[in-house]
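# Structural characterization, general
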Amino acid sequence: MPTPDVLAGLDPEQRAVATALTGPVCVIAGAGTGKTRAITHRIAHGVHTGAFDPRRTLAVTFTTRAAGEMRGRLRSLGAEGVQARTFHSAALRQARYFWPQITGSDLPEISSSKLPIVGSAASRCRVPTDRTVLRDLASEIEWAKVSNVLPESYVTAAEAAHREVGGVDPDSVARVYAAYEDLKTDRNVMDMEDILLAAVGLLSGHPGVAQQVRSQYHHFVVDEYQDVSPVQQKLLDLWMGERTDVCVVGDPAQTIYSFAGAQPDYLVRFPQRFPGATVVRLFRDYRSTPQVVDVANAVLKPGRDALAGVVLEAQRPPGPKPSFVEHPDELAEAAWVADQVAKLVANGTPLREISVLFRVNAQSEAYEQALANVGVAYVVRGAERFFDRGEVRQAAMLLRAAVRTADGAPDAPDAAAATAAVLSSAGWSPAPPAGGGQARERWESLAALVSLAEEVVAAKPGATLADVVEELEARAAAQHAPSADGVTLSSLHSAKGLEWDAVFVVGCHEGTLPLSYAETPAQIEEERRLLYVGVTRAREHLSISWSLARQPGGRGNRRPSRFLDGVRPGGGARSDHRPERGAGGRGRKSGAPARCRVCGAPLVDAVDRKLGRCGSCPSSMDDALFERLRAWRLERSQEQKVPAYVVFTDATLIAIAESKPADEAQLAAIPGVGRTKLDRYGEDVLRLCQDLAEELP
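Computed from a prediction, not measured in an experiment: that's the story for all the values here. (Residues numbered from 1 in each chain as written. Predicted model: local features only at pLDDT ≥ 70, side-chain atom pairs only at ≥ 80, totals over all residues. Heavy atoms only, no water.)

### Things to note about the overall build of the chain
On a plain count of helices and strands, the chain comes out with 28 helices and 16 strands. Counting contacts in the chain only where the partners sit at least 6 residues apart, residues at least 24 apart contribute 75% of the total. As displayed, the chain has an accessible area near 30,100 Å², and 51% of this comes from carbon and sulfur atoms. (Helix = DSSP H or I, 4+ residues; strand = E, 2+ residues; numbered from the N terminus. Contact = heavy atoms within 4.5 Å. Areas by Shrake-Rupley, 256 points an atom, 1.4 Å probe, with all protein chains shown as cover.)

Below is the structure:
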């Protein structure tokens, strides 16, 4: 069988990668530039020329899918026998072989889940948690282990890395982490991170093991090198020993897993570690049209630094102009996206070639419903469908129980408030939890249900909790229809490595992209790279959208994402990312952040800004005034046939009851009291405040 010409058809930069067969090689590969093609052809060229022994060559990547794709390409190029594995797969193979030789016993059983052991560890440490927080603790332990952080060093490391587990202080996390490790030892089990650590321990602690591995593998290729963690880098160093025959490939602009321990510095600083290394930059984008590529380059430009990767150059013919669309609320945004999807399908775009990408999984519900409304099938990638999620099923059960027992918060002014009251027992609160992770995802799902109840009340004033449950069940039934082929609904993280003809990146407003809890410059830039990843998934059609309010009739005070400044038409760069005057909010006269009137800390969360204080700081609220304000709000909402929150939200009423304004100027200074509401309700509110003051002794 003739040897294939594996260099044919490669562009100049890809060919430079394929022919660099000796010494350290670093490939900076932009999105859509053919990095997998370049490195597989490099391996095949090395095998065909005799420079590489396929049995002595190891290619590692991060997912089973990517490893399988690499093996398939190598087979088609006549380079069979090369090991293409994930880090975990390669480490497990070595640990299972050498562990019995060194210890005289079999490798401990690999635990299928951390949660039961983390739960036992939390109980041992008397740390009360629900299942959501246990997931966050499990993720935090995983981060610590892949970052080579021991329990006794966790508090210092977590502070330096700005780590936070909602509801659990760092000292308690460290204690749970230590107890978790002890329990695993007692039960003779390992977790996935232990596989890597076991291989590192065997290689570093036993020279004979290291010698055998290094005699087995002489050439290394590492894909997605920007995602390497400290423990993976340590393992790679041990595999290599004194050798330098390694080729790493990655894109610093697609570093979106720092929260899980990824260290892009290994890629960025590779030439400093290996002076004289061959460095090749792949910049020719074969995936996207020039119009899409221009948007991608513009998104990265303001934050362009060592992690910005390459400036892409499109190789495809021109395509349609990307759209940037503002909507009055999230439901209108979802309905518009569904309508555009239906038009694309009608014009011949396959369902499987369309995707809707969002920042957090809880955003999927509105798009699941909107697509179901227009009869378009969809699949949810990387997460359960909204109504299949554990917290949503639990919430629906609680709401049904409340209806059956007539215990649906009878004192609540409407069904939306009743829903919120019932879901408070499932962990919902007006303010989101600190930090991210599973706790934040759970809160987002429950907040979506509260918003759905508000929709029901807005459409049907006087709706009951039973009406809310009926709507929930109808939506769940409509969205559970099976579909083998459909539009992909995916978080931006889950979309990495994929591509579609048409991509809708939705929810691109401040507070969601970037997320409100992304505070440090590094966290903000990682959010920017997430948008870049989303944009570069599109081959031809790209739409970026955002909404001014969460619900119909809500105050339209959202701003488009700062990452769109200078990218969207008319979106010039701005330094202040709060609502502009005339855009639904009164705006701030200075760029200084709002600060808590109690402790002086910056206020990040929207509810905290509305209250004027941190949610954890003591409240000076006048309870009697608050109850009078609520009763008055109920009367006005019933008169106007609108939900109570349309008059004033609970947060605004609390702020009024805390500040007790004496005149119009003081009332106008409270967030949530705009000019329209001041004119409509100001006299009533001031009278209530004055009446109560006169009644006091």
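From this point, things continue past the structure.
### Examining the sheet that holds strand β16 (residues 538-547)
On the basis of which strands lie adjacent, the open sheet formed by six strands has the order β11-β16-β15-β12-β14-β13 and parallel pairing. If you trace the sheet from one side to the other, it starts and ends with β11 (323-327) and β13 (378-381), each paired once. Across the sheet, the mean angle separating the axes of adjacent strands is 20° when strand polarity is ignored. As judged from the four bridges shared by strand β12 (residues 354-358) and strand β14 (residues 487-491), these two strands associate in the parallel manner. Counterpart to serine 355 in the pairing with β14 is threonine 488. With respect to the sheet, helix α14 (residues 290-300) is in contact with β11 and β16, its orientation differing from that of β16 by roughly 50°. (Pairing = 2+ DSSP bridges. Axes fitted to C-alpha atoms, helices over the stretch in contact; angles between N-to-C directions.)

### Regarding the pattern of salt bridges
Within the structure shown, the criterion is met by 29 salt bridges. The residue lysine 35 makes a salt bridge to aspartate 223 at a minimum N-O spacing of 2.8 Å. Highlighted residues: lysine 35 in helix α2 (residues 35-49) and aspartate 223 in the loop between β6 (219-222) and α11 (230-240), separated in sequence by 188 residues. Exposure class is identical for lysine 35 and aspartate 223. Each is buried. (Salt bridge = Lys/Arg side-chain N within 4 Å of Asp/Glu carboxyl O. Buried < 20%, exposed > 50% of the residue type's maximum accessible area, 1.4 Å probe, protein only.)

### Overview of the sheet that holds strand β8 (residues 278-282)
Across the sheet, six strands lie side by side as β3-β2-β6-β7-β1-β8; this open sheet has parallel pairing. This sheet does not close on itself; its edge strands, each paired only once, are β3 (83-86) and β8. Mean inter-strand twist for the sheet, computed between neighbouring axes without regard to direction, equals 15°. Bridging between strand β1 (residues 25-29) and strand β7 (residues 246-250) involves four bridges; their strand directions are parallel. Each residue of the ladder has a partner; that of valine 27, found in β7, is valine 249. Along the sheet, α2 contacts β1, β2 (57-61), β6, β7 and β8; its crossing angle with β7, the most-contacted strand, is approximately 170°. Contacts between helix α3 (residues 64-76) and the sheet are confined to β2 and β3, with β3 contributing the most and set at about 170° to the helix.

### A look at empty space enclosed by the protein
In this approach, a probe sized like a water molecule rolls over the atoms, and the result shows the empty space that is left. Applying the stated rule across the entire model yields two cavities of 30 Å³ or more. Each pocket or cavity is described by its volume, and for the second largest cavity that value is around 30 Å³. What lines the second largest cavity is simply Tyr225, Gln233, Leu236, Asp237, Met240, Val246, Val248, Phe270, Arg273 and Phe274. Within the residue set of the lining of the second largest cavity, elements represented by two or more residues are α11, β7 and α13 (270-273). Broken down by class, the residue content of the lining of the second largest cavity amounts to seven nonpolar, one polar and two charged. (1 Å grid on protein atoms, 1.4 Å probe; cavity = no way out; pocket = protein on both sides within 12 Å on 5 of 7 lines; lining within 4 Å. Points joined across faces, edges and corners; volume = space filled by probe spheres on them. Nonpolar A, V, L, I, M, F, W, Y, C, P; charged D, E, K, R; others polar.)

### Looking at unusual backbone geometry
In this structure, proline 514 follows leucine 513 across a cis peptide bond, with omega equal to 5°. Looking at where proline 514 falls in the secondary structure, it is placed in the loop between β15 (500-505) and α22 (521-535). Here arginine 126, not a glycine, exhibits a phi torsion of approximately 55°, which is positive. The topology assignment puts arginine 126 in the loop between α5 (115-124) and α6 (131-146).

### Quick word on the packing of helix α24 (residues 623-640) against helix α26 (residues 650-659)
In the contact formed by α24 and α26, the axes pass within 9 Å of each other and the chain directions differ by 140°. It follows from the interaxial angle that α24 and α26 lie oblique. Taken as a pair, α24 and α26 cross one another with a handedness that is right-handed. Seen from α24, the contacting residues are Leu625, Phe626, Leu629, Arg630 and Arg633; seen from α26, they are Asp650, Leu653, Ile654, Ile656 and Ala657. Split by residue class, the contact of α24 with α26 holds seven nonpolar, no polar and three charged. (Parallel < 35°, antiparallel > 145°, perpendicular 65-115°, else oblique. Left-handed = near helix turned anticlockwise from the far one by under 90°.)

### Quick notes on the packing of aromatic side chains
A complete count under the given rule lists twelve aromatic pairs for this structure. Taken together, a centroid distance of 5.6 Å and an interplanar angle of 85° make the contact between tryptophan 632 and tyrosine 681 edge-to-face. Highlighted residues: tryptophan 632 in helix α24 and tyrosine 681 in helix α28 (residues 675-695), separated in sequence by 49 residues. As far as burial versus exposure is concerned, tryptophan 632 and tyrosine 681 are alike and both buried. (Phe/Tyr/Trp six-rings, centres within 6.5 Å; stacked < 30°, edge-to-face > 60°.)

### Details of the environment of serine 561
Residue placement: serine 561 occurs in the loop between β16 and α23 (606-611). Sequence separation between serine 561 and glycine 507 is 54 residues; the distance between their C-alpha atoms is 8.8 Å.

### Points about the packing of helix α17 (residues 390-404) against helix α18 (residues 415-423)
Two elements in contact, α17 and α18, have axes whose closest approach is 10 Å; the angle formed by their N-to-C orientations is 115°. Here the hand of the crossing between α17 and α18 comes out right-handed. Residues Ala395, Leu398, Leu399 and Ala402 of α17 form the contact with α18, whose own contacting residues are Thr419, Val422 and Leu423. Split by residue class, the contact of α17 with α18 holds six nonpolar, one polar and no charged.

### Observations regarding α5
Listed in full, the buried residues belonging to α5 are Leu115, Ile117, Val118, Gly119, Ala121 and Ala122. Looking at the packing, one finds that the buried side of α5 touches α6, α8 (170-187) and β5 (189-190). A positive backbone phi angle near 55° is found at arginine 126, which sits one or two residues after α5.

Everything listed here is a matter of geometry and, on its own, says nothing about what the molecule does.
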